[in-house]
Amino acid sequence: MSSHCFTCYACGTNLREKWGLLMKQNITLALEKDLLSELRVLAARKSMSISGMLSSQLREIVEQEKQYEQCKNRALASLRQGYHFGGRPASREDLHAR
């Protein structure tokens, strides 16, 4: 399938947006023969294709990275805002008292 955007010219609707059609791009992957053999067995046990299995795992990796970035940004924003634990700031004399 090409990467073109399908549009219904009668109504001007972008069908990819309306129906959530995902355009796929083929890639070439070089794997060791023994790894490929094990992947075939694993994929067969899961009733999946190797391509489907890899796609699922890669999607999960991308989603985990997105979640990590969101959590990191929230934590950094929280640190920038700071925390108030009550009490009053120490005076210079208190800090330097021996």
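Treat the numbers as computed from the prediction; the structure is a model and nothing was measured.

Caption draft 1: Layout of the layout of surface pockets. Space inside the largest pocket adds up to approximately 480 Å³. Surrounding the largest pocket, 13 residues form its lining, Gln25, Ile27, Ser51, Leu54 and Ser55 being those nearest its centre. Residue composition of the lining of the largest pocket, by class: six nonpolar, five polar and two charged.

Caption draft 2: Expanded view of the pattern of salt bridges. A full pass over the atoms with the stated rule returns two salt bridges. Note that Lys72 is salt-bridged to Glu69, the shortest N-O span being 3.4 Å. Taken together, the positions of Lys72 and Glu69, both in helix H3 (residues 50–81) and three residues apart, correspond to about one turn of that helix. Looking at Glu69, the relative accessible area reads 33%, which means it is partly exposed.

Caption draft 3: Representation of H3 in the model. Helix length check: H3 (32 residues) gives 47 Å between terminal C-alpha atoms against 46 Å at 1.5 Å per residue, within 8%. Gly82, located one to two residues past H3, shows a positive phi value of around 85°.

Calculation rules
Residues numbered from 1 in each chain as written. Predicted model: local features only at pLDDT ≥ 70, side-chain atom pairs only at ≥ 80, totals over all residues. Heavy atoms only, no water. 1 Å grid on protein atoms, 1.4 Å probe; cavity = no way out; pocket = protein on both sides within 12 Å on 5 of 7 lines; lining within 4 Å. Points joined across faces, edges and corners; volume = space filled by probe spheres on them. Nonpolar A, V, L, I, M, F, W, Y, C, P; charged D, E, K, R; others polar. Salt bridge = Lys/Arg side-chain N within 4 Å of Asp/Glu carboxyl O. Helix = DSSP H or I, 4+ residues; strand = E, 2+ residues; numbered from the N terminus. Buried < 20%, exposed > 50% of the residue type's maximum accessible area, 1.4 Å probe, protein only. Expected span 1.5 Å × (residues − 1).

Geometric descriptors of this kind do not, in isolation, establish any biological role.
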